[in-house]
There are 2 protein chains.
Amino acid sequence: MTVKHLSMPELADACRESGVTNVGLWREPVQTYGVERTAKLVRDAGLTVTTLCRGGFFTALDPDERAAALADNRRAIDEAATLGTDTLVLVSGGLPAGSKDLHGARERIADALTVLGPYAEEHGVKLAIEPLHPMYASDRCVVSTLAQALDLAERFPAHQVGVTVDTYHIWWDDQAPAQIARAGAGGRIHTFQLADWTTPLPEGVLNGRGQIGDGAIDMREWLGHVTAAGYTGAIEVELFNDALWARDGREVLAETAARFVEHVVR
Amino acid sequence: MTVKHLSMPELADACRESGVTNVGLWREPVQTYGVERTAKLVRDAGLTVTTLCRGGFFTALDPDERAAALADNRRAIDEAATLGTDTLVLVSGGLPAGSKDLHGARERIADALTVLGPYAEEHGVKLAIEPLHPMYASDRCVVSTLAQALDLAERFPAHQVGVTVDTYHIWWDDQAPAQIARAGAGGRIHTFQLADWTTPLPEGVLNGRGQIGDGAIDMREWLGHVTAAGYTGAIEVELFNDALWARDGREVLAETAARFVEHVVR
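Residues numbered from 1 in each chain as written. Chains lettered and ligands numbered in written order. Predicted model: local features only at pLDDT ≥ 70, side-chain atom pairs only at ≥ 80, totals over all residues. Heavy atoms only, no water.

**Concerning helix α5 (residues 102-122) of chain A**
All names here are of chain A.
- Compared with the 30 Å implied by 1.5 Å per residue over 21 residues, the 31 Å span of α5 between its first and last C-alpha is a close match.
- Bending of α5 peaks at approximately 35° at the position of T114, with proline P118 no more than four residues after it.
- Its side-chain oxygen at 3.4 Å from the backbone nitrogen of H103, D101 defines the N-terminal cap of α5.
- Two residues or fewer after α5 comes G124, characterised by a positive phi angle close to 70°. (Helix = DSSP H or I, 4+ residues; strand = E, 2+ residues; numbered from the N terminus. Expected span 1.5 Å × (residues − 1). Bend = angle between axes of the 7 residues up to and from the residue. Polar contact = N/O pair within 3.5 Å; in protein donor to acceptor, adjacent residues only side chain to side chain.)

**So, the nonpolar core**
- Core analysis: the biggest nonpolar cluster contains 169 residues, and L25, M135 and W171 of chain A together with L25, M135 and W171 of chain B have the highest contact counts within it.
- The contact partners of W171 of chain A, leaving out residues within four places of it in the chain, are W197, A216, I217 and W222 of chain A together with L95, L102, A137 and S138 of chain B. (Core = buried A, V, L, I, M, F, W, Y, C linked by side-chain atoms within 4.5 Å. Buried < 20%, exposed > 50% of the residue type's maximum accessible area, 1.4 Å probe, protein only. Contact = heavy atoms within 4.5 Å.)

**Remarks on the UniProt feature "domain: Xylose isomerase-like TIM barrel" (unreviewed entry) in chain A**
- Under the UniProt annotation, "domain: Xylose isomerase-like TIM barrel" (unreviewed entry) lies at residues 13-255 of chain A.
- Split by type, residues 13-255 of chain A is 44% helix and 17% strand. Its first and last C-alpha atoms lie 15 Å apart. (UniProt positions renumbered as here; feature names shortened; annotations may be inferred.)

**Focus: helix α4 (residues 63-83) of chain B**
All names here are of chain B.
- Across its 21 residues, α4 extends 30 Å between first and last C-alpha, which sits within 8% of the 30 Å expected from 1.5 Å per residue.
- The backbone nitrogen of D64 has a side-chain oxygen 3.1 Å away, supplied by the residue at the start of α4, namely D62.
- G84, located one to two residues past α4, shows a positive phi value of around 85°.

**A few points about the pairing of strand β2 (residues 48-56) of chain B**
All names here are of chain B.
- Counted residue by residue, β2 has seven buried out of nine residues, so it is predominantly covered.
- Bridge count for strand β1 (residues 22-26) against β2 is four bridges, and the pairing is parallel. Paired with W26 across the two strands is C53, which belongs to β2.
- Of the strand pairs in this sheet, β2 and strand β3 (residues 87-91) are connected by four bridges, and their pairing is parallel. Note that in β3 the partner of G55 across the bridge is L90.
- Where the polypeptide runs from β2 across α4 and back to β3, its parallel neighbour, the crossover connection is right-handed. (Pairing = 2+ DSSP bridges. Right-handed = clockwise from strand over helix to strand, strands pointing away.)

**Side note on the sheet that holds strand β6 (residues 189-194) of chain A**
All names here are of chain A.
- With parallel pairing, the seven strands of this open sheet are ordered in space as β1-β2-β3-β4-β5-β6-β9. In this open sheet, the two strands that pair with only one neighbour each are β1 (22-26) and β9 (235-237). The average angle at which neighbouring strand axes cross in this sheet is 30°, direction not considered. (Axes fitted to C-alpha atoms, helices over the stretch in contact; angles between N-to-C directions.)

**Digging into the relation of the copies chain B and chain A**
- Once turned by 180° and shifted 0.0 Å along the axis, chain B lies on chain A with an RMSD of 0.0 Å. The operation mapping one copy onto its partner corresponds to a two-fold rotation axis. Proximity to the rotation axis, assessed at the C-alpha, singles out E203 of chain B in chain B; its C-alpha lies 1.9 Å from the axis.
- Taken as a fraction of all interface residues of chain B, those also at the interface in chain A reach 100%, which identifies the copy contact as same-surface. (Least-squares fit on C-alpha atoms with pLDDT ≥ 70 in both.)

**Some details on the packing of α4 of chain B against helix α5 (residues 102-122) of chain B**
Residues and elements named next belong to chain B.
- Running from N to C, α4 and α5 point in directions that differ by 35°, and their axes come no closer than 10 Å. Classified by chirality, the crossing of α5 by α4 is right-handed. Residues R66, L70, N73, R74, I77 and D78 of α4 touch α5, and the partners they reach there are R108, D111, A112, V115, L116, Y119 and A120.
- In the contact of α4 with α5, the residues fall into seven nonpolar, one polar and five charged. (Left-handed = near helix turned anticlockwise from the far one by under 90°. Nonpolar A, V, L, I, M, F, W, Y, C, P; charged D, E, K, R; others polar.)

**A few points about the packing of aromatic side chains**
Residues and elements named next belong to chain A.
- Scanning the entire structure with this criterion turns up eleven aromatic pairs over all chains.
- Taken together, a centroid distance of 6.1 Å and an interplanar angle of 65° make the contact between F240 and W245 edge-to-face.
- Looking at F240, the relative accessible area reads 11%, which means it is buried.
- The class of W245 is buried, set by a relative accessible area of 13%.
- What links up through ring pairs into an aromatic cluster is the set W26, F240 and W245. (Phe/Tyr/Trp six-rings, centres within 6.5 Å; stacked < 30°, edge-to-face > 60°.)

**Quick notes on the sheet that holds strand β4 (residues 126-129) of chain B**
Residue and element names in this part refer to chain B.
- The parallel open sheet is built from seven strands, whose spatial order is β1-β2-β3-β4-β5-β6-β9. Here the strands that pair on one side only, and so sit at the sheet edges, are β1 and β9 (235-237). With direction set aside, neighbouring strand axes in the sheet form an average angle of 30°.
- Pairing between β4 and strand β5 (residues 161-166): three bridges, direction parallel. Bridging across to β5, L127 finds its partner in V161.
- Docked against the sheet, α4 engages β1, β2, β3 and β4, running at close to 175° with respect to β2.

Structure, rendered in structure tokens:
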């Protein structure tokens, strides 16, 4: 998504040029290019697909909408398996129109996971509940903290349901380091994502994620937390940012790789 | 602030017309009209000043800036005493430019309160730390949850330092009801404020607070929490909203009073 303006073949080429060997993919561009075709493309390019984003949106009240969401999430699990990744990231959904019941919405997420956890396991895929920043609680994701995500995930086996740790969503939370330890102890850190926090936030607050190093988040500190919790998996950089998307995609990828080295691993 | 486009005398008139007998004031319009003059105006109008907003901004690293902040907060305490309110609301401040150290910033808030708590007590004023929504953590307030606010407040006597409970900032937090109980048990709920959560958020996310009843927050539920915690003080409606400010102030005040009856107390 960081370079969503690149086509799939351009993405594969740009990864090769930048020395990037792992890539997290989103469903929409994969579907546009074709799931099998994308799987072959990344395989031929020597790329490992770290995660597929995203399933979720489990909070509808209408039974038909709920059935449609389950069906769509089964397809997402199938797609993940075809792409060769073992992790599907979940954005769980906001409040239904007119509802003020956060607790009920969170329980409907658990209901959906009861169905989807075993289906994912059969396909060799783990589900990764992503707590989103509380500013998305009404319209996108009623799971706002790692603690809430783990309260849900821990109702299921860790190889079925874990969490996504994304710095952008949790950096403000002084409880998050302890929750990362909790997640790691349970084998539930299914992916680790980075974006920096910059202000002012844009209208709608969706596409203002900062390039690594541009904002308020100490990336090394969070890497230290997940590492101390035993996480050894891939680290994804996921930047929704209109200003980045207005630039050349290869340049953005190269810059992101350089920032990653400078602010995260060096 | 809900009707900030009204002058002080217009505000007093509009309160009388709407049957509003309590008003929370902000420092800037009070200073513009004059502190003593405002005190006389509200006294003559039979209005009780519930709180003064706002002190705070304690997180600077520069010693001169820190001294200036302490001096300004002493003035704010003096102003509160002159206006006859016993509560000064605190917006604690964000990260200094270039800093990524949330913990250090929170400790500097405690340092300031060590000085200001006794000064406030001498003047019959209580300080009310307001946790602001996590979307303001970098640029406005590093205190993002009631738990964090209470962790700070409890270092001091309750008659010196407590918290502001504002639905807009905490509605997403499943830990907030327990923290309200904690605050109530300690006698630390120094004010209770309402605004509704509506989306999409505007650019900068400052002036998008929803009119009561327009958004995702169940106001009666939160009133229930503070009531169960023993709170019997005033309830303030504080709406930063460009659309409301574009309308006639008396009409907005009357609408707000009607919404309050419909969605909160009836």
